[in-house]
Amino acid sequence: MTNPKTSRSTSVVSQLADRVLIQASCPDALKIAGTVAPMAGGMVVTGPEALQAVGRIRRANSSVLLCADTAAETRVAATAEAPFELGEANLIDEPSLQRSLDAQRERGASVALTPTGHIAAGDSAALKAAIRQTDKLQDDDIVVRLPCDVAWATKTYSKQLAAVIATSNHPVALSLAADQDPLTRAGVAEELWAMAATHPHLILWRTDLAGLAHLVNGGLAAAIGFSSTLRHGTSPDRPGFVNNRQDRTPDVLLPDWMRYMKGSKIETVFAATSAPRCHCRTCRGQMLDRFDSTTADKLTAHLHNAAVLQQLIGAIDRLDRSARHDWWRQSVALALTKHTEATAQTNVQLNASRALRTWSQLPAMAG
Ligand SMILES: [Zn+2]
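Residues numbered from 1 in each chain as written. Predicted model: local features only at pLDDT ≥ 70, side-chain atom pairs only at ≥ 80, totals over all residues. Heavy atoms only, no water.

**Digging into the overall build of the protein**
Condition: Per the convention used, a helix needs a DSSP run of H or I reaching at least four residues, while a strand needs a run of E reaching at least two, with both numbered from the N terminus. Exposed residues in this analysis have more than 50% of their type's maximum accessible area, buried residues have under 20%, and partly exposed residues fall in between, with area computed by a 1.4 Å probe over protein chains only. It only takes one pair of heavy atoms within 4.5 Å for two residues to be counted as in contact. Calculation of accessible area relied on Shrake-Rupley with a 1.4 Å probe; when residues are assessed, cover is drawn exclusively from the protein chains displayed. The charge count includes Lys and Arg as positive and Asp and Glu as negative, but it does not include His or the ends of the chains. A single reference atom marks each charge: NZ on Lys, CZ on Arg, CG on Asp, CD on Glu.
Regarding its fold elements, the protein presents 13 helices and ten strands. Across the 367 residues that make up the protein, the buried fraction comes to 56%. Put simply, 67% of the contacts in the protein that link residues at least 6 apart link residues at least 24 apart. Total accessible area computed for the protein in this model is approximately 15600 Å², and 50% of it derives from carbon and sulfur atoms. One finds the centroid of the 38 positive side-chain charges in the protein at a distance of 3 Å from the centroid of its 35 negative side-chain charges.

**Thoughts on the domain arrangement of the protein**
Cut-off, in case you're wondering: Bear in mind that the domain bounds are from an automatic or database domain assignment. The term buried area denotes the loss of accessible surface (1.4 Å probe radius) that occurs when two parts are joined, taken as the sum for both partners.
Per the domain assignment, the segments of the protein are domain 1 (11-231) and domain 2 (251-361). Between domain 1 and domain 2, the contact holds 32 residues from the first and 26 residues from the second. Summed over both sides, the interface of domain 1 with domain 2 buries roughly 2500 Å², with 70% coming from carbon and sulfur. Among the residues of domain 1 in contact with domain 2, Met-39, Leu-209 and Val-216 are the three that bury the most area, contributing 28% of the side total.

**Description of the coordination of the zinc ion**
Threshold: Only nitrogen, oxygen and sulfur atoms within 2.8 Å of the metal, or 3.2 Å for Na, K and Ca, are treated as donors, and water is left out, so sites may look incomplete.
Coordination of the zinc ion by the protein involves Cys-278 (SG), Cys-280 (SG), Cys-283 (SG) and His-304 (ND1), with metal-donor separations of 2.1 to 2.3 Å. All donors to the zinc ion come from one chain, and their sequence spacing reads C-x1-C-x2-C-x20-H. For the pair Cys-280 and Cys-283, a shared accessibility class is recorded, and that class is buried.

**Here we look at the nonpolar core**
Considering soluble globular proteins, one finds that nonpolar side chains tend to be buried as a cluster. This is how the line gets drawn: Each nonpolar core is a collection of buried residues, namely Ala, Val, Leu, Ile, Met, Phe, Trp, Tyr and Cys, held together in the definition by side-chain atoms within 4.5 Å.
Counting residues in hydrophobic clusters, the biggest one holds 98 residues, and the most contacted among them are Met-43, Leu-146, Leu-212, Trp-328 and Trp-359. Ranked by residues supplied to this core, first place goes to helix H11 (residues 295-317) with nine residues. Composition of this core by domain shows at least three residues from each of domain 1 (11-231) and domain 2 (251-361). When neighbours within four sequence positions are excluded, Leu-146 is seen to be in contact with Ile-119, Leu-127, Ala-130, Ile-131, Ile-165, Val-172, Ala-173, Leu-174 and Ser-175.

**Some words on the packing of aromatic side chains**
Stated formally: Pairing of aromatic rings covers Phe, Tyr and Trp, the last through its six-membered ring, and needs centres within 6.5 Å; plane angles under 30 degrees mean stacked, over 60 mean edge-to-face, and all others mean tilted. Should the NZ of a Lys or the CZ of an Arg lie within 6 Å of a ring centre and within 35 degrees of the ring normal, that charge is described as sitting over the ring.
Inspection of every chain in the model, using the stated rule, returns four aromatic pairs. An angle of 45° between the planes, with centres 5.3 Å apart, marks the rings of Trp-152 and Tyr-157 as tilted. Overall, the relative accessible area of 0% leaves Trp-152 in the buried class. Given a relative accessible area of 23%, Tyr-157 falls into the partly exposed group. Aromatic pair Trp-327 and Trp-328: ring centres 6.3 Å apart, planes at 40°, arrangement tilted. For the pair formed by Trp-327 and Trp-328, the shared burial category is buried. Taken together through their ring pairs, the aromatic side chains of Trp-327, Trp-328 and Trp-359 make up a single cluster. Geometry around Tyr-260 places Arg-231 over its ring, the cationic atom sitting 3.8 Å from the centre.

In structure tokens:
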């Protein structure tokens with residue numbers, strides 16, 4: 001077990017503790033800022049225009065927690081010499097990490113994110129450089145972004161990753177880039193679960209329901225994607241992750257199943273039986289098989305997802321650590337049962353995800 005430093009900045013930790021942020025693209029963030037951001041724990045505005053979008057949202061709402069994530073990892077790779085994307089010189093000063101963080105503060109970001117490039121599998125020099133260069137700064141509002149290749153969360157590199165993260169004076173926001181859902185990779189869900197318990201300053205970034213597992217097991221916070229492309233990490237050589245390019249129906253969160261399911265698949269699965277009804281603030285009792293591929297349906301589905309997430313977060317929030325574990329175990333067990341029952345009832349083979357199966361087998365209380 002690693003022992004993170006005790007001198008870690010406290011202001012940003014108390015600001016982020018137990019929060020689940022909604023991670024949205026700039027256009028989505030501008031659309032939903034008035035409703036979803038205050039309802040959730042805050043918002044990570046993501047993309048090259050994030051600074052401008054955060055500025056606009058901040059002018060309309062002075063209190064909501066906002067982060068500006070320019071997603072540097074989609075354009076550049078981190079190196080030992082240059083772990084960050086720092087932009088161009090201007091008339092007054094040279095590019096620097098300090099200037100990049102100040103630009104976020106000036107626009108009204110609540111915390112300042114390092115613009116870290118993609119950290120390739122095993123490039124420990126780049127990983128250490130990102131942490132060490134940030135540690136030179138004393139400000140109490142910094143989060144170190146670590147956009148890592150998924151291999152960092154496998155047996156080959158996870159011990160090294162955990163050891164380096166433990167040295168950081170600032171909280172660390174980890175995302176995992178992969179060609180498909182990173183949690184389909186053997187061992188990743190287990191490693192993330194273990195790191196949540198041993199690294200109380202770790203935030204899971206660009207994630208999905210793994211963000212809830214992270215909070216249940218002691219992690220600091222999570223940022224869950226509003227749309228599916230922001231529920232997985234990416235890198236300069238990977239196009240944005242899309243589950244199925246032909247199927248344009250939205251991914252819909254089914255809370256009892258602890259999974260997202262394509263709108264089209266929900267229709268198929270529940271063709272002969274009635275689809276589940278949802279009582280979130282978006283659906284208000286309507287059935288979940290109503291989402292087609294129109295822009296309006298996609299937005300409604302994403303709003304449903306955010307509302308259901310908020311209900312789940314509320315349930316976790318009310319519990320202490322050991323009760324959270326019981327709640328998680330029961331939720332995972334119910335989800336597995338739902339998969340088995342539906343497979344029997346519908347003749348559609350519905351396999352539980354690797355992550356769900358892993359969570360059902362994890363020790364009752366880690367760390
Ligand atoms: Zn709903």
